[in-house]
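Structural features, examined
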Amino acid sequence: MGRLLQLLILALILLICIYLLFVCQFNQCLLNVSPSNHLKYNHTSFPSRCSGITNRTFTPTNDSLISKEEWESLLTELQWSLPPVVLLSTDEATNPTKCSFSVVNPNSNHRVGGFIDVILIARDTKNRIKTYGGDFFQAKLFNSELKASTYGAVTDHFNGTYTARLALLWSGPAKVSIRLVHSSEAVQVLCRQREQDPDKVYFQGYFEKGGKQETVMCNAQRSPRLVGNDAQCCCEYREPVTGETWFCRRPSSLPCHALTYHSMGGYQAVLSKVETTLLKSSTNIIVPGDDSAIDVQQQDTEIRSQTKCRPGLHTSVPAGFYLQDHWTSLVCDSKSFPSAKLISGCLKDKQILMMGDSTLRQWFDYLEETVPTLKRLNLHTSSKSGPFEAVDTQYNTRIIWRAHGIPIRTSKTPWADLHYIAREVEGLAGGAHSVVVFTIWAHFTTYPLAMYAHRLVVIRKAVASLLSRSPTTLVVIKSANTGYKDVYGSDWLSWQLDMALREIFRDLPLVLIDVWQMTSCHYSPDNIHPPSVVIQNEVDLFLSFVCPQ
C-alpha cells in the first residue's frame, strides 16, 4: 500500500512538472524556432503570443502621442495565441478537412431572437485533436434561398476546441458555416513576417530635375534592405504637420528635393518551403460539420434596432444581418436609400471628404454612378490614387475622395497629391454640413504593429482637435473588410489592424461602419473589393448616419 502511494505521488509530481513546462512554453515571451524549418531573422527568438512586440521593452519609445500604458493595453487586446511547440512537419498543422463542428441542441424549439451554440474541434492532418489554440476561424449563419446571413464570433479555448454563438435573426431554415481562414501555424508565420520584415512590399521614388531622371527604392522605415551598404541612404521626408516620415535611397546625381512621383515597386517576401505550404495549403477552406438546417420560428416583434443612428454607438456582435440581400443594422435604426432622389436629398448641402484606399473609393464610385446629378470633375489626376471630386450643383453637394497617403500600393502618381489623413483633417473648419470619412488598413498589413499604431494616434489627435473646435462635424470610420489571403495582406493581419483601430478610436464620438461583419458573412466570393450589392448596403448604413431623421 505504501509503495503504491509513493508511485501515485511520483506520478502526480510528474504530471505537475509536465503541466508547468507546458504553461511556461505557452506563455513565455520567447520561443525558439528550428532553423531547418524557418528562415533566419535578425532576432533569434519570437513571441509565443503575437502582440506586436518581441520583448517587454516599450516599442514606440519616442512617441509622445501614445503612452506606455496605452501601448501595453493595446498589445493585451491584440494578443493571439501561437503554437507552443516547434513545427516539425506540416502534417502537424491544423487541417480544415479533418476539423469538425456540431450544433448544440439543433432540434430544440428555436425562435427568432434566440441563439444557437456551436462546438468546433480542430485536428491536424493525421486526425489528431490539437492541444493548443490560435487557429483563425470565421463563422456565419446563412440561408442561400433567402439571401440571408449573419456573422458570429468564435471563441478560442486554447486546447484545440472552439465555440461560436450565432444569433437567430430570420424565420425559416438556417445553416451554420465555418471556415478556417488560417491555421495557428500559418498565423505564426504571418505574425513573424509582419514584425520582422517590413520590406516585403517596396516602393519606387522618381526623381526629376533639369532633364535628369532617377528611380530609387523607398519605404516607410530605414530597414536593412532599404539601407543596403549605406552609401545610397537615405533621403528622409518628414511631413511638417503630422511628423510622419518616409525614406528613399539617395539618388546618385539628384538632390532629395527632386522627388516628383511615387509608385508601387514590387513584392519580395522571403518564405521557406514550409512557410509557403502553411500559407497556401489550408487557407480559407470550409470546415465539414453539422449540415442540417435549423428551423427557426417567427416571433411577434420585429428584429431591428430602435436607436437613432448617431456617433458614439457601440458596435455589437452581430452588428446586423442580411435578408433578401438587404442589411438590417442591430446597432441603430438604419434606412434604405433605393433611389437617386433619396440619396441626393440626404446629401443636400453636405461637403464630404473621403480619405482611404480603393475599398472606400468604391463608395465614391457608387454614389457617382447612382446619382445622375452628381458629376465628377476632371482633375487630370491618377485613376487609382486620385484625388477625385464630384459636385451636385442642384443639391449643393461636394464629395472628395483622396488616397490616405503613403504607404500606398499604386501606379505612378505625383508625390504632391499624396496627403496624409491627419494633414487634411487639420486643415478643415468642420461644421454641421461637413462629413469626414476615412479608412486605413489595407496598405499597412506588411508593417509592424507599432508603425500602424503611431499612424492611428496621429490621426486620432487631428480628429479630436476637429471635434473639439467643431463638435457638429460628423466623423465616420469605415472598418477593414475581408478578402486578403496571403503574406502581404491576410485577413488575420487585417483583423489585427482593425482591432487596433477600434481600440485607439474607442473613446471619440464618431461612427464606425462595421463592414468586416458585412463582408465576412455575405455569400459573394471572397474579394477585397466587395460586389455592388454589398457596397450599396455599406453606403446605405453610412447615409443613415448622415441624415438619421
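Note that this is a predicted model, so its numbers are computed, not measured.

Structural notes on the overall build of the protein
Looking only at helices and strands, one finds twelve helices and 26 strands in the protein. Counting only residues that meet the buried cut, the protein has 55% of its 549 residues in that class. The contacts of the protein with a sequence gap of at least 6 include a subset with a gap of at least 24, amounting to 75%. Only carbon and sulfur atoms are counted for the fraction: they give 54% of the accessible area of the protein, which is about 23800 Å².

A closer look at the pattern of salt bridges
Inspection of every chain in the model, using the stated rule, returns 23 salt bridges. Among the salt bridges present, the one from Asp333 reaches Arg304, with a minimum N-O distance of 3.1 Å. In this pair, Asp333 is assigned in the loop between strand 18 (326-329) and helix 6 (340-347) and Arg304 in the loop between strand 16 (294-297) and strand 17 (320-323), connecting sequence segments 29 residues apart. Via salt bridges that share partners, Arg179, Lys485, Asp491 and Asp526 belong to a single interconnected network.

Concerning the sheet that holds strand 11 (residues 212-219)
Reading across the sheet, the six strands line up as 12-13-11-10-14-23 and stay open at both edges, with antiparallel pairing between neighbours. The sheet terminates laterally at strand 12 (233-238) and strand 23 (413-414), the two strands that pair on one side only. Judged from the five bridges that link them, strand 12 and strand 13 (residues 245-249) form a sheet pairing that is antiparallel. The partner of Arg238 across the bridge, within strand 13, is Thr245.

A look at the nonpolar core
Counting residues in each nonpolar core, the largest one holds 123 residues, and the members touching the most others are Met354, Phe438, Val463 and Phe505. Examining the composition of this core, we find that 13 residues originate from one element, helix 9 (residues 449-469), more than from any other. Leave out the neighbours within four places in its chain, and Val463 touches Val425, Phe438, Val475, Phe505, Leu508 and Leu510. Residues Tyr162, Leu166, Ile178 and Leu180 belong to the second largest nonpolar core, which totals 28 residues.

Considerations on the sheet that holds strand 22 (residues 397-403)
Here we have seven strands laid out as an open sheet, ordered 20-21-22-19-24-25-26, and mixed in their pairing. The sheet terminates laterally at strand 20 (375-376) and strand 26 (511-513), the two strands that pair on one side only. Here strand 19 (residues 351-356) pairs with strand 24 (residues 434-438) via five bridges, running parallel. Within strand 24, the position partnered with Met355 by the bridge is Phe438.

Brief notes about the pairing of strand 16
Only one face of strand 16 is covered, namely the one carrying Ile294 and Val296; the face carrying Asp295 and Gln297 has none of its residues buried. Note: strand 4 (residues 110-111) against strand 16, two bridges, orientation parallel. Along strand 16, the bridge assignment pairs His110 with Val296. In the sheet, strand 9 (residues 172-182) pairs with strand 16 via three bridges, with the strands oriented antiparallel. Following the sheet pairing, Gly172 is matched in strand 16 by Val296.

Quick word on the state of the cysteines
For the coordinates displayed, the defined rule picks out five disulfides. One disulfide in the model links Cys218 with Cys248; its S-S distance is 2.0 Å. Residues Cys218 and Cys248 are joined through a disulfide that is right-handed, its torsion about the S-S bond being 105°. Of this pair, Cys218 sits in strand 11 while Cys248 sits in strand 13, and the two are 30 residues apart along the sequence. Per residue, the accessibility class of Cys218 equals that of Cys248, and both read buried. Through a disulfide, Cys235 is tied to Cys256; the S-S separation comes to 2.0 Å. Its S-S torsion of about -80° marks the bond between Cys235 and Cys256 as left-handed, since a negative value means left-handed.

Brief notes about the pairing of strand 17
Relative to strand 18, strand 17 is paired through four bridges, and the arrangement is antiparallel. In the strand pairing of strand 18, Tyr322 is matched with Trp327. Taking the residues that link successive antiparallel strands as the turn, the strand 17-strand 18 hairpin has two residues, and the phi of Gln324 there is positive, at about 55°.

Cut-off values and rules
Residues numbered from 1 in each chain as written. Predicted model: local features only at pLDDT ≥ 70, side-chain atom pairs only at ≥ 80, totals over all residues. Heavy atoms only, no water. Helix = DSSP H or I, 4+ residues; strand = E, 2+ residues; numbered from the N terminus. Buried < 20%, exposed > 50% of the residue type's maximum accessible area, 1.4 Å probe, protein only. Contact = heavy atoms within 4.5 Å. Areas by Shrake-Rupley, 256 points an atom, 1.4 Å probe, with all protein chains shown as cover. Salt bridge = Lys/Arg side-chain N within 4 Å of Asp/Glu carboxyl O. Pairing = 2+ DSSP bridges. Core = buried A, V, L, I, M, F, W, Y, C linked by side-chain atoms within 4.5 Å. Disulfide = S-S within 2.5 Å.

That is the geometry; function is a separate question.
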